[in-house]
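Listed here are the chains, written in short residue letters.
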Amino acid sequence: MDSERIIRVERDILGKNNAIAADNRTLFAADELLVFNLMSSPGAGKTSLLVRAVSELKLSYPTGVIGGDQQTSNDAERIRAVGVPAIQVNTGKGCHLDAAMIGEAYRRLPRLTHGILFIENVGNLVCPAAFDLGEACKIVVLSMTEGEDKPLKYPDMFAASSLMVINKIDLASLLECDLDKTVGYARRANPKIEVVTVSARTGEGFGALYTWIDRQVAHQRRAVEGAGQ
Ligand SMILES: Nc1nc2c(ncn2[C@@H]2O[C@H](COP(=O)(O)OP(=O)(O)OP(=O)(O)O)[C@@H](O)[C@H]2O)c(=O)[nH]1
Ligand SMILES: [Mg+2]
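Described below are features of the structure shown in this document. Predicted model only: the values in this text are computed from it and were never measured.

Remarks on the sheet that holds strand β6 (residues 163-167)
Strand order in the open sheet formed by seven strands is β3-β2-β4-β1-β5-β6-β7, and the pairing between neighbours is parallel. Each edge of the open sheet carries a strand with a single partner, namely β3 (86-90) and β7 (194-197). The average undirected angle you get between the axes of adjacent strands in this sheet is 20 degrees. Running over the sheet, helix α2 (residues 46-57) touches β1 (34-39), β2 (63-69), β4 (116-120), β5 (137-143) and β6 and is turned about 170 degrees from β4.

Regarding helix α4 (residues 99-106)
For α4, the complete set of buried residues consists of Ala99, Ile102, Gly103, Ala105 and Tyr106. Of the surrounding elements, those touching the buried residues of α4 are α1 (3-30), β2, β3 and β4. Capping the start of α4 is the job of one residue whose side-chain oxygen sits 3.2 Å from the backbone nitrogen of alanine 100: aspartate 98.

Focus on the site of ligand 1
Around ligand 1, 20 residues are found, and the nearest of them are Lys46, Thr47, Ser48, Asp170 and Ala200. Contact distances for ligand 1 include 2.9 Å between an oxygen atom and a backbone N or O atom of glycine 45. Contacts to ligand 1 include lysine 46, whose side-chain N or O atom sits 2.7 Å from an oxygen atom. For ligand 1, the accessible surface in isolation is 650 Å², of which the surrounding protein chains cover 76%. Where the shell around ligand 1 is concerned, the elements lending two or more residues are α2 and α3 (74-80). Sorting elements by how many residues they give to the shell around ligand 1 places α2 first, with three residues. Across the shell around ligand 1, the residue classes tally to four nonpolar, eight polar and eight charged.

About the cut-offs
- Residues numbered from 1 in each chain as written.
- Chains lettered and ligands numbered in written order.
- Predicted model: local features only at pLDDT ≥ 70, side-chain atom pairs only at ≥ 80, totals over all residues.
- Heavy atoms only, no water.
- Pairing = 2+ DSSP bridges.
- Helix = DSSP H or I, 4+ residues; strand = E, 2+ residues; numbered from the N terminus.
- Axes fitted to C-alpha atoms, helices over the stretch in contact; angles between N-to-C directions.
- Contact = heavy atoms within 4.5 Å.
- Buried < 20%, exposed > 50% of the residue type's maximum accessible area, 1.4 Å probe, protein only.
- Polar contact = N/O pair within 3.5 Å; in protein donor to acceptor, adjacent residues only side chain to side chain.
- Near = heavy atom within 4 Å.
- Areas by Shrake-Rupley, 256 points an atom, 1.4 Å probe, with all protein chains shown as cover.
- Nonpolar A, V, L, I, M, F, W, Y, C, P; charged D, E, K, R; others polar.

The following block contains the structure:
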């Protein structure tokens, strides 16, 4: 395939995805649902973080999860084990979730009116950044074990995200990962990216994460009220 045709095919795929993402956004707005799209490399701790977060957030908000992996339903089972509804999407050969998969999975979840839906994307620091799923915000999870240079190597992921969650802070003393450098590199890709540092294992830092989420909820509610006036 010549390069012009490859670019045209990519544009067609993204254009079609964006149209379905807009439909998802309409659906989510009708339910006054706040949707976060979590992305990271494999094993950064997305599911561990969600298991801890939804166990707490479900006390304040209707909460649900859609998880994407090439195979297995392990992650959805981990979420359901803490009493939160979860749908697993298996992407087969696919390396990211797309908007059509989310639209279909969302219809299989119980209604989450005025709640929060977390999407756990396929572990991959590249492709998920390009696909709008209809979410309010993208969140990138980066673990201490990956090295501080990842925002330099995969800048699109950090440019697309509103929040960077640095996970596995409990391992900090064992690693040579310079947190200030990590944040500086992420802000080269996205000067506005916000940062929280957590351990999904110990719960350290989750207060700041919940404060950030509550702020997003308040922001969305103000936007809904503003649109209604
Ligand atoms: N020490 C430590 N280990 C963690 C932390 N968070 C997750 N882990 C471990 O990291 C490994 C991967 O965690 P997962 O939550 O499955 O990671 P994930 O990003 O959901 O992985 P994929 O869905 O496969 O991409 C597991 O062995 C977790 O126990 C943390 O904060 N500290
Ligand atoms: Mg996972």
